[in-house]
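Residue-level listing of the chains:
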Amino acid sequence: MKVLFIDDDPMILRMSGFILKKGGYEALAAGSGDEGIALIREQSPDLVFIDVEMPEKNGFETLEEIRQSGIDVRVCMMSGSVSSEIRDKAVALGAEGLIEKPLNAADVYSVIKG
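The residue numbers shown here count from 1 along each chain, following its written sequence. In keeping with the model being predicted, local features are shown solely for residues with a pLDDT of at least 70 and side-chain atom pairs are shown and tallied solely at 80 or more, while totals for entire chains, interfaces and linings include all residues. Note that the side-chain values use all heavy atoms of the structure and ignore hydrogens as well as water.

Enquirer: So what's going on with the overall build of the protein? Residues and values would help.
Expert: Counting its secondary structure elements, the protein contains five helices and five strands. The helix and strand labels rest on DSSP assignments: H or I over at least four residues marks a helix, E over at least two residues marks a strand, and numbering proceeds from the N terminus. Tracing the protein from N to C terminus, the helices and strands come up as β-α-β-α-β-α-β-α-β-α. For 114 residues, the compact-globule estimate of 2.2 N^0.38 gives 13 Å, and the protein sits close to it at 12 Å. The dimensions of the protein, computed from C-alpha atoms along their principal axes, are 30 × 30 × 25 Å. For the protein, the residues scored as buried account for 46% of the 114 residues in total. Only heavy atoms matter for contacts: two residues are in contact if any of them lie within 4.5 Å across the pair. Considering only intrachain contacts with a sequence separation of at least 6, the fraction spanning at least 24 residues in the protein is 62%. Averaging the locations of the 12 positively and 20 negatively charged side chains of the protein gives two centres separated by 6 Å. It is over C-alpha atoms that the radius of gyration is taken, and the globule rule equals 2.2 Å times the number of residues to the power 0.38. Relative accessibility thresholds used throughout: buried, under 20% of the residue-type maximum; exposed, over 50%; partly exposed, between the two (1.4 Å probe, protein chains only). Charged residues are defined narrowly, with Lys and Arg counted positive, Asp and Glu counted negative, and His plus the chain ends left uncounted. Positions of charges follow a simple convention, taking NZ of Lys, CZ of Arg, CG of Asp or CD of Glu.

Below you can see the structure in the form of structure tokens.
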């Protein structure tokens with residue numbers, strides 16, 4: 001399974017790569033929404049994790065662009081400040097849910113397994 005993390009924090013991208021490789025998954029990483037969308041088109045990942053709070057194009061804008069472009073991919077949002085408001089918006093935009101940062105391997109694996 002190929003999993004993409006889109007986050008502007010290099011530490012989160014390194015951590016996600018470690019978690020994915022340890023679980024036997026192929027890890028892809030993008031530092032911005034635009035870079036992530038390009039990778040989705042090139043690599044066709046099975047699952048994408050997107051940080052809510054990013055400069056330029058935030059996670060919700062990135063998810064909206066993915067959905068509007070007709071790309072069919074599973075998405076889970078990530079945030080350092082999880083709230084029911086953020087969770088509701090993520091689900092309304094077609095995300096499977098929201099996990100809290102810093103990343104927890106059990107949460108990541110739980111989303112991957114669906």
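Enquirer: I'd like a rundown of the pairing of strand β2 (residues 26-30), residues and numbers included.
Expert: Following DSSP output, two strands are said to pair if at least two bridges run between them. Where strand β1 (residues 2-6) and β2 come together, five bridges link them in parallel fashion. Opposite L4, over in β2, you have L28 as the bridge partner. Handedness rule for crossovers: strands pointing away from the viewer, path from the first strand over the helix to the second running clockwise, crossover right-handed. In this region the chain leaves β1, passes through helix α1 (residues 10-22) and returns to the parallel neighbour β2; the handedness of that crossover is right-handed.

Enquirer: Can you explain unusual backbone geometry? Please cite residues and give values.
Expert: Cis geometry marks the peptide bond from K101 to P102, where omega comes out at 5 degrees. Structurally, the position occupied by P102 is in the loop between β5 (98-100) and α5 (105-113). At S44, a position not held by glycine, the phi torsion is positive, near 45 degrees. With respect to the helices, strands and loops of the structure, S44 is situated in the loop between α2 (33-43) and β3 (47-51).

Enquirer: Go over the sheet that holds β5 with me, naming the residues and quoting the values.
Expert: Pairing within the open sheet is parallel, and its five strands lie in the order β2-β1-β3-β4-β5. Edge positions in the sheet fall to β2 and β5, since each has one partner strand and no second. Ignoring which end each strand starts from, the neighbouring axes of this sheet average 25 degrees apart. As paired elements, β3 and strand β4 (residues 74-79) share five bridges and run parallel to each other. Looking across to β4, one finds that I50 is bridged to M77. Sheet strands touched by α1: β1 and β2. Its angle to β2, the strand with the most contacts, is close to 170 degrees. Axes here refer to lines fitted to C-alpha atoms; in helices the fit is confined to the stretch in contact. Angles between the N-to-C directions go from 0 to 180 degrees.

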